[in-house]
Amino acid sequence: MKIKNLKDDDMFSSVFCENSKKLINVHLFALAAKYYSFSNVGVCTPLEDLLEALRGDNQGTTGIKTDEFMNNKKSHEVQMMSELVDNIANYCGIKQVIDIGSGKGYLSSFLSMQYNLKVYGIDSSNTNTNGARERNRKLKKHWRAYQSQGRANLKRQRLEKANDRPVESEIKCKAISEKLLNNVSSLQSQDQVTIEDLVPSCGFTEMATSENNNQAEVDLVAQTQSDESKLSEEVLAILNVLPADAVEVFSSSQCNCGELCEEEKVQRKMASLKAKASKSSESNLYFPLTSCITAETELSDIITDLEDCMMVGLHTCGDLAANTLRIFTAKPEIKAVCSVGCCYHLLSEQFENQEECPEEVWGFPMCQYLKDMGWCCGRNARMSACLALERVAVGQMLPTESLFYRAVLQVIIEEIYGVTKSDRHVGKTFSKSSSFIDYVRKSLKKLELDDSELPDSCIMDYYEKYKHRMNELEAFNMLKVVLAPCIEVLILLDRLCYLKEQDNIAWSGLVKLFDPVKSPRCYAVIALKKHLWF
C-alpha cells in the first residue's frame, strides 16, 4: 500500500486491537506514522523558494567558512541559518538581530562577522556568556586567515563573473578585432599610434604587441588596485566585528607589498583610524548578554538601543522557543522571527497535570484550537519527539545498552526505594560508568539515594532478571523512533497555527533548514510582520 493512497483515518483502524489497544500491525503502524510526518503533510515551504522570494534579483554572499572553528554539525547549522537570517534582515531593511538562547555565540558572531549585522546574544547562563566573550576574543588569532579567505573569495567571485559574460559580447569583440587586423600593416608604420587607441576594451589579446603588453600591465595594476579596494571594504567590515582590543594595526613596514599608491595609503589609514575609534568607543557588532527570557520579558530593559530588529533562535530549548514567538508577536519593533526549537521533553504542558492555572504561560499548546481541545502530549511522547529517525535510517542505531541500564535502574528505584517521581536527573552517567553496578551506584548518588544497604549481588540480580528482554526494549524504542516525526509535527504545527491566529502577521511558515542527519531538529518557524508588506 502506498502512502498517497491512504485517504483517511479508517485506513489505520486495524493498527491496534480494538479491545486490548495493543499494536497488532507493525507495517501499517509505520505507514500511518509516515503519512502524518512532514514529508507527507505538505505544510513546509522549500528553503530555496523562500530564499528566492527574499532575495529578488540580488545574489547570495560568499565569505568566511565556519568549519575551521566549529564542529561539522554546528558549522552546518550556522552556515544555513545565517544565510537565511541575512536574507530576511535585508528584505525587512533591518540591521539589528537578537539571538535568543545564544549559548557560546556561534551564530551571533558569524552573523556579525560575515553579514555585518549588529547582534545581541542573550543567554540565561553566565558561563555561556563568558564563554562567548572569550571565543570572540580569540577571533584575533584568526584575523590573518579571515583576511586571506576574503581575498580568495574576491578572486573567485571575479573569475565567476568573467566566466558569465554573454556570448554575444565575445562575438562582437572578435568581429571588431578581425576588422582591425586588415589594417594592421598600415598601423605598424605609424609609431605614435597604438592598437589600443582604436580598439575598444573587449578582453581579447589576439592583436597584442609590445605596446599592448605594456598597456595590459597597466590595466592589470588598475584591476589589482580595484580588487584591493574591495578587499579593504571587507577588512573594514570585519574590523567592526572584533572586540576593541582584538585587532593589531599593521604599519606599511610590516607588509612586504612594495610602495603603496596614494589611494591605498588613504584606505589603510582609514582602517587604522577605524580600529582606533573602535577602541575608544568600544564599538562592536556582537554583544553577549546574560538574562533569563520569559514571555513577559521587556527587551528594552536588556537592550538600551533597541530598534527595528528580528529575533532568531538556534535550538532554543523547551519553552524558550514558544516564548520567542510570543515576544515576537507582542513587540512592534520586532519585524521578523526565525526560530529552531529543540528539547521538546522540557516543554511545559497546560493539560498534563490537569491543574487549573489560567494565568500561567505554557509551552504547549500555543494555538487556540488545541487549547479548546484540551490537548496533551505527555512527557513520554515529547521524549519520543526528540529521537532522530533519519539518523537511525542511515545506520546510527539507538544506544540500546544505555537505555537498558536506565530502564532497569528505574525498576530498582521504584521497588527498593519506593520513588516514582524525582526532580533530579541521572544525566550522562552511562558514559562515565565501567559496569552496570558502577552505573547504578553513581546514579543513586546523583538522585541522593542511599546505596549503602544495597549489595552488588542485588543489583546484578535485577540485571540478570531483565537481560533477556533487551531485544524487546530495542524493538519498543524503534517504534518510538518511527513515531517521533508525528509528534514533532504536532508541536511545530501548534506553533505555526499560533502565528496564523495573529492579526499582525503577514506571512508565516515552516522550513526544513538543516540536513536532518547532521542536525535532527531541522525545522525553522519563520514569520514576518504585516506592516512590512503594506
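Reading the values: rules and limits
- Note that residues are indexed from 1 along each chain, following the sequence as it is written.
- Side-chain atom pairs in this predicted model are given and counted only at pLDDT of 80 or more, local residue features only at pLDDT of at least 70, and totals for whole chains, interfaces and linings cover all residues.
- Hydrogen atoms and water are omitted, and side-chain values are computed over all heavy atoms in the structure.
- A run of H or I in DSSP becomes a helix once it reaches four residues, and a run of E becomes a strand once it reaches two; helices and strands are each numbered from the N terminus.
- Whether a residue is buried, partly exposed or exposed follows from its accessible area with a 1.4 Å probe, protein chains only, as a fraction of its type maximum: under 20%, in between, or over 50%, in that order.
- Here a residue-residue contact requires only that any non-hydrogen atoms of the pair lie within 4.5 Å.
- To be clear, the arc concerns the directions from the helix axis to the C-beta atoms.
- To estimate the expected span of a helix, count its residues, drop one, and scale the result by 1.5 Å.
- Any pair of nitrogen or oxygen atoms within 3.5 Å is treated as a polar contact; in protein, a donor-acceptor pairing is required on top of that, and neighbouring residues in sequence qualify only through side-chain atoms on both sides.
- Two cysteine sulfurs form what is called a disulfide whenever their separation falls within 2.5 Å.
- Where helices are involved, their axes are fitted lines through C-alpha atoms of the stretch in contact, as for all axes, and angles between N-to-C directions lie from 0 to 180°.
- By the definition adopted for this analysis, an angle is roughly parallel if under 35 degrees, roughly antiparallel if over 145, roughly perpendicular if from 65 to 115, and oblique otherwise.
- For a crossing to be left-handed, the near helix must be turned anticlockwise from the far one by less than a right angle; the clockwise case is right-handed.
- Each pair of strands is called paired provided DSSP finds at least two bridges between the two strands.
- Here, the term nonpolar core denotes a set of buried Ala, Val, Leu, Ile, Met, Phe, Trp, Tyr and Cys residues that are joined through side-chain atoms within 4.5 Å.
- Geometry of aromatic contacts follows a simple scheme: Phe, Tyr and Trp rings, the Trp one being its six-membered ring, pair when their centres are within 6.5 Å, and the pair is stacked under 30 degrees between planes, edge-to-face over 60, tilted otherwise.
- Here a salt bridge means any side-chain nitrogen of Lys or Arg lying within 4 Å of a carboxyl oxygen belonging to Asp or Glu.

- Per an unreviewed UniProt entry, the recorded name for the chain is Methyltransferase like 25, and the organism is Otus sunia.

### Observations concerning the overall build of the chain
Next, step 1: Along the chain, the regular secondary structure elements total 20 helices and 7 strands.
Next, step 2: Per-residue burial over the chain gives 41% buried out of 534 residues.
Next, step 3: Here the analysis covers contacts within the chain between residues at least 6 apart in sequence; of these, 73% occur between residues at least 24 apart.

### Section: helix α3 (residues 47–55)
Next, step 1: Taken as a whole, α3 has its buried residues at L47, L50, L51 and L54. What you see down the axis of α3 is that its buried residues fit within an arc of 95°, all on one side. Opposite the buried face of α3, at more than 90 degrees from it, the exposed residues are E48, E52 and A53.
Next, step 2: Looking at the buried positions of α3, the neighbouring elements they touch are α4 (72–92), β6 (505–512) and β7 (523–529).
Next, step 3: Directly after α3, the chain includes G56, whose backbone phi takes a positive value near 70°.

### Looking at α4
Note: α-helices contain 3.6 residues per turn, so residues at a spacing of three or four share the same orientation.
Next, step 1: Relative to the 30 Å expected for 21 residues at 1.5 Å per residue, α4 spans 30 Å between its end C-alpha atoms, a close match to the ideal helical length.
Next, step 2: A distance of 3.2 Å separates the backbone nitrogen of K73 from a side-chain oxygen at the start of α4, and that oxygen is part of N71.
Next, step 3: Once α4 ends, the next one or two residues include G93, with phi positive near 70°.

### Considering the state of the cysteines
Next, step 1: Considering all chains together, one arrives at 0 disulfides under this definition.
Next, step 2: Here C317 is not cross-linked by a disulfide; its sulfur's nearest cysteine counterpart is in C343, at 3.2 Å.
Next, step 3: With no disulfide of its own, C367 lies closest to C497 among cysteine sulfurs, the gap being 4.9 Å.

### A closer look at the packing of helix α1 (residues 26–35) against helix α20 (residues 470–500)
Next, step 1: α20 packs onto α1 with a crossing angle of 25° between their chain directions and a minimal axis gap of 8 Å. Our classification of the angle between α1 and α20 gives roughly parallel. Handedness of the crossing formed by α1 with α20: left-handed. The segment α1 lies against α20, with V26, F29, A30 and A33 engaging L479, V482, L483 and C486.

### Observations regarding the sheet that holds strand β5 (residues 334–342)
Next, step 1: Strands sit in the order β3-β2-β1-β4-β5-β7-β6 across an open sheet of 7 strands; the sheet is mixed. Edge positions in the sheet fall to β3 (286–290) and β6, since each of these pairs with one other strand and no more. Between one strand axis and the next, the sheet turns by 15° as a mean value, whatever way the strands run.
Next, step 2: Across 5 bridges, the pairing between strand β2 (residues 118–123) and β3 is parallel. Bridge pairing links D123 to T290 in β3.

### Some remarks on unusual backbone geometry
Next, step 1: In the segment running from F364 into P365, the intervening peptide bond is cis, with an omega of -5°.
Next, step 2: Even without being a glycine, K21 presents a positive backbone phi close to 65°.
Next, step 3: In this structure K21 comes out as exposed when scored by relative accessible area, which is 59%.
Next, step 4: One non-glycine residue, C343, lies in the positive phi region at around 50°.
Next, step 5: With respect to the helices, strands and loops of the structure, C343 is situated in the loop between β5 and α14 (368–373).

### Brief notes about the nonpolar core
Next, step 1: Judged by nonpolar contacts, the single largest core of 74 residues is most densely connected at M81, L84, I88, M310, M311 and C338.
Next, step 2: Counting 19 residues, the second-largest nonpolar core is a separate cluster that includes I412, V426, V440 and L447.

### Section: the packing of aromatic side chains
Next, step 1: Applying the stated criterion across every chain yields a total of 11 aromatic pairs.
Next, step 2: When the ring of Y35 is compared with that of Y36, the centres are 4.8 Å apart and the planes differ by 80°; the resulting orientation is edge-to-face.
Next, step 3: Summarising the aromatic geometry, the rings of F110 and Y115 are spaced 6.3 Å apart at their centres and angled 80° between planes, so their arrangement reads as edge-to-face.
Next, step 4: Chaining the aromatic ring pairs together yields one cluster made of F404, Y405, F430, F436, Y439 and Y463.

### Quick word on the environment of D308
Next, step 1: Following the sequence through the fold, D308 ends up in the loop between α12 (299–302) and β4 (309–317).
Next, step 2: Overall, the relative accessible area of 40% leaves D308 in the partly exposed class.
Next, step 3: In this structure the C-alpha to C-alpha distance between D308 and I334, which are 26 residues apart in sequence, comes to 5.9 Å.
Next, step 4: Residues within four places of D308 in sequence aside, it is in contact with I94, Q96, E333 and K335.

### Details of the pattern of salt bridges
Next, step 1: Applying the stated rule across the entire model yields 15 salt bridges.
Next, step 2: Connected through salt bridges with shared partners, the residues K73, K74 and E77 form a single ionic network.

### Focus on the environment of L492
Next, step 1: Secondary-structure assignment places L492 in helix α20.
Next, step 2: Taking the C-alpha atoms as reference, L492 lies 9.8 Å from V340; in sequence the two are 152 residues apart.
Next, step 3: Aside from chain neighbours lying at most four places away, what touches L492 is F38, Y344, L510, Y523 and V525.

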